[in-house]
Amino acid sequence: MSIRVCVGGATGWTGESIVAAVLASEEFELTGAVTRQAAGDTVGVVRIAPDVRDALAAPTDVYIDYTHPTAVYENVMVAIEAGVAAVVGTSGLTTQDYAEIDEAARERGVGVIAAGNFSITAALLKHFSGIAARHVPHWEIIDMASAAKPDAPSGTAQELAEFLGTVAANEFARPVDETIGSREARGATIGGAQVHSLRLPSYVISVESIFGLPGERLTIRHDAGSSAEPYVGGTLLAARLAPERVGLTQGLDRLLFDPPSSPA
């Protein structure tokens, strides 16, 4: 049987590519689409709904969210309440948001897979940075995105910073609170690391993890191009696996590099 999919943000930059891939696939079936601005229009044979609750009236296995940081939390909670697995590609969720989503998903017995970035090179950035953090105890993160991006840091950078904080303790030669001048110039402290967000024209998403030792330095960088195509494969992999899980799984790297028997 096909995996029945509803896409939130179906006419957006990433959502449009996800919808096209679902429609072209024999493995997935598009059963719902959500975009307020295009509500009432159709994509394939599916009528676009104004909200997730309306779209999930049709039988659905997985809800995929590529909407907006201000809407994603409520959308995912609606899907969980409906007993529908969710894949979250929208950034802007906090650590507390993820904890509440995990709790709700476990209570309802459904799976949620979320990633700050569903591209393979972003997953490799996180994976290789985790290896580096075990050997180099000094790092900072630079997060670059388009001038119009409303949230900071990006989901990619936040997920990376929080992950590295679980791998090893970041050491500071001088505590950030002892900064002379503007403390804000040292960036935000996330997961024990300093994260610096740039928002300028010409960027899509770029994230660097920079590791330093006396006399040597390692930089690991992910750059996204102008197409949403890199996110399609990882998103559909998550959509394939989400109905088999319970609770929150965070990060595409968990799907690619963890053993299959690893708990969610």
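Located above this text is the structure these notes cover.
What comes next concerns the included structure. If you're wondering where the values come from, they're calculated on a predicted model, not measured in any experiment. (Residues numbered from 1 in each chain as written. Predicted model: local features only at pLDDT ≥ 70, side-chain atom pairs only at ≥ 80, totals over all residues. Heavy atoms only, no water.)

Let's talk about helix 4 (residues 95-108)
Inclusion rule: For the purposes of this entry, the term helix denotes a DSSP run of H or I that reaches at least four residues, the term strand denotes a run of E that reaches at least two, and both are numbered from the N terminus. Take the number of residues in a helix, subtract one, and multiply by 1.5 Å to get its expected span. For every residue, the accessible area obtained with a 1.4 Å probe (protein chains only) is divided by the maximum for its type, and the residue is called buried under 20%, exposed over 50%, and partly exposed between those limits. Within this analysis, the arc is defined by the directions that extend from the helix axis to the C-beta atoms.
Taking 1.5 Å as the rise per residue, helix 4 with 14 residues should run 20 Å; its terminal C-alpha atoms sit 20 Å apart, in good agreement. For helix 4, the full list of buried residues reads Asp 97, Tyr 98, Ile 101, Ala 104 and Ala 105. Relative to the axis of helix 4, the buried residues are bounded by an arc of 130° and lie together on one face. Exposed side of helix 4, more than 90 degrees from the buried face: Thr 95 and Glu 107 are the residues found there.

Focus on the sheet that holds strand 13 (residues 247-250)
Spelled out, the test is: Strand pairing follows a simple DSSP-based rule, namely that at least 2 bridges must link the two strands. The contact criterion used is simple: two residues touch if any of their non-hydrogen atoms lie within 4.5 Å. Note on definitions: angles span 0 to 180 degrees between N-to-C directions of axes, and those axes are lines fitted to C-alpha atoms, for helices only across the stretch in contact.
The strand order 3-4-2-1-5-6-7-13 describes an open sheet built from eight strands, whose pairing is mixed. The sheet terminates laterally at strand 3 (42-43) and strand 13, the two strands that pair on one side only. Judged from the three bridges that link them, strand 6 (residues 85-88) and strand 7 (residues 111-114) form a sheet pairing that is parallel. Residue Val 87 lies in a different strand from strand 7, and its bridge partner there is Ile 113. Sheet contacts for helix 1 (residues 13-24): strand 1 (3-8), strand 2 (28-34), strand 3 and strand 5 (62-65); angle to strand 2, the most-contacted strand, approximately 150°.

Concerning the packing of aromatic side chains
For any pair of aromatic rings, the description rests on two quantities: the centre-to-centre distance and the angle between the ring planes. Applied cut-off: Whether two aromatic rings pair depends on their centres lying within 6.5 Å, for rings of Phe, Tyr and Trp, where Trp uses its six-membered ring; planes under 30 degrees apart make the pair stacked, over 60 edge-to-face, and the rest tilted.
By the definition in use, this model includes two aromatic pairs. Ring geometry for Trp 13 and Tyr 231: centres 6.0 Å apart, planes at 65°, overall edge-to-face. Residue Trp 13 is located in helix 1, and its partner Tyr 231 is located in helix 7 (residues 229-241); the two are separated by 218 residues in the primary sequence. In this structure Trp 13 comes out as partly exposed when scored by relative accessible area, which is 44%.

Observations regarding helix 1
For helix 1, built from twelve residues, the straight-helix expectation of 16 Å at 1.5 Å per residue is met to within 8% by its first-to-last C-alpha distance of 18 Å. For helix 1, the set of buried residues is Thr 14, Gly 15, Ile 18, Val 19 and Val 22. Down the axis of helix 1, the smallest arc covering the buried residues is 135°, so these residues share one side. In helix 1, the exposed residues that point more than 90 degrees away from the buried face are Glu 16 and Ala 24. Residues of helix 1 that are buried in the fold lie against strand 1, strand 2, strand 3, strand 5 and helix 7.

Observations regarding the sheet that holds strand 12 (residues 216-223)
If you walk across this open sheet you meet the five strands as 9-10-8-11-12, and the pairing is mixed. Either end of the sheet is taken by a strand with one partner, and the two such strands are strand 9 (188-190) and strand 12. Looking at each pair of strands side by side, their axes are set apart by 25° on average, direction ignored. Pairing analysis gives eight bridges linking strand 11 (residues 205-213) to strand 12, with the strands arranged antiparallel. Across the sheet, residue Leu 213 finds its bridge partner in strand 12, namely Glu 216. Along the sheet face, helix 5 (residues 120-133) touches strand 8 (139-145), strand 11 and strand 12 and points at about 160° away from the line of strand 12.

So, a nonpolar patch on the surface
Under the convention used in this document: Surface patches are drawn from residues lacking salt bridges whose relative accessible area is over 30%; two like charges belong together within 9 Å, two nonpolar side chains (Val, Leu, Ile, Met, Phe, Trp, Tyr) within 5 Å. In short, Shrake-Rupley with a 1.4 Å probe defines the accessible areas, and a residue's cover is counted only from the protein chains shown. A pair is scored as a salt bridge if a Lys or Arg side-chain nitrogen falls within 4 Å of a carboxyl oxygen belonging to Asp or Glu.
On the surface, Ile 120, Leu 256 and Phe 257 cluster together to form a nonpolar patch covering roughly 240 Å² of accessible area. As for its position among the elements, Phe 257 is in helix 8 (residues 252-257). Since its relative accessible area comes to 32%, Phe 257 is described here as partly exposed.

A closer look at the nonpolar core
This is how it is decided: In this description, a nonpolar core means a group of buried Ala, Val, Leu, Ile, Met, Phe, Trp, Tyr and Cys residues linked to one another through side-chain atoms lying within 4.5 Å.
The biggest cluster of nonpolar side chains holds 51 residues, and the ones touching the most others in it are Ile 64, Val 87, Phe 118, Ile 141 and Phe 211. If you tally residues by element for this core, the top one is helix 7, at five residues. For Val 87, the residues in contact, after removing those within four places along its chain, are Val 62, Tyr 63, Ile 64, Asp 65, Ile 113, Phe 118, Thr 235, Ala 238, Ala 239 and Ala 242. In terms of nonpolar packing, the next biggest core, distinct from the first, is built from 15 residues, Met 77, Val 88, Tyr 98 and Ala 114 among them.

Thoughts on the pairing of strand 8
With respect to burial, strand 8 is a largely interior element, five of its seven residues being buried. Pairing geometry for strand 8 and strand 11, over seven bridges, is antiparallel. Bridged to Trp 139 within strand 11 is Phe 211. Pairing of strand 8 with strand 10 (residues 193-199), which is carried by six bridges, proceeds in the parallel orientation.

What about the packing of helix 1 against helix 7?
Helix-helix packing is characterised by the crossing angle of the two axes and by the distance between the axes. Formally: Here the angle decides the label: under 35 degrees means roughly parallel, over 145 means roughly antiparallel, 65 to 115 means roughly perpendicular, and every other value means oblique. Here a crossing is called left-handed whenever its near helix is offset anticlockwise from the far helix by less than a right angle, and right-handed whenever the offset is clockwise. In the scheme used here, Gly and all other residues not listed as nonpolar or charged are polar, with Ala, Val, Leu, Ile, Met, Phe, Trp, Tyr, Cys and Pro taken as nonpolar and Asp, Glu, Lys and Arg as charged.
Two elements in contact, helix 1 and helix 7, have axes whose closest approach is 9 Å; the angle formed by their N-to-C orientations is 60°. Between helix 1 and helix 7, the angle falls in the class oblique. Relative to helix 7, helix 1 is oriented so that their crossing is right-handed. Mapping the contact onto sequence places Trp 13, Thr 14, Ser 17, Ile 18, Ala 21 and Val 22 in helix 1 and Tyr 231, Val 232, Thr 235 and Leu 236 in helix 7. Split by residue class, the contact of helix 1 with helix 7 holds seven nonpolar, three polar and no charged.

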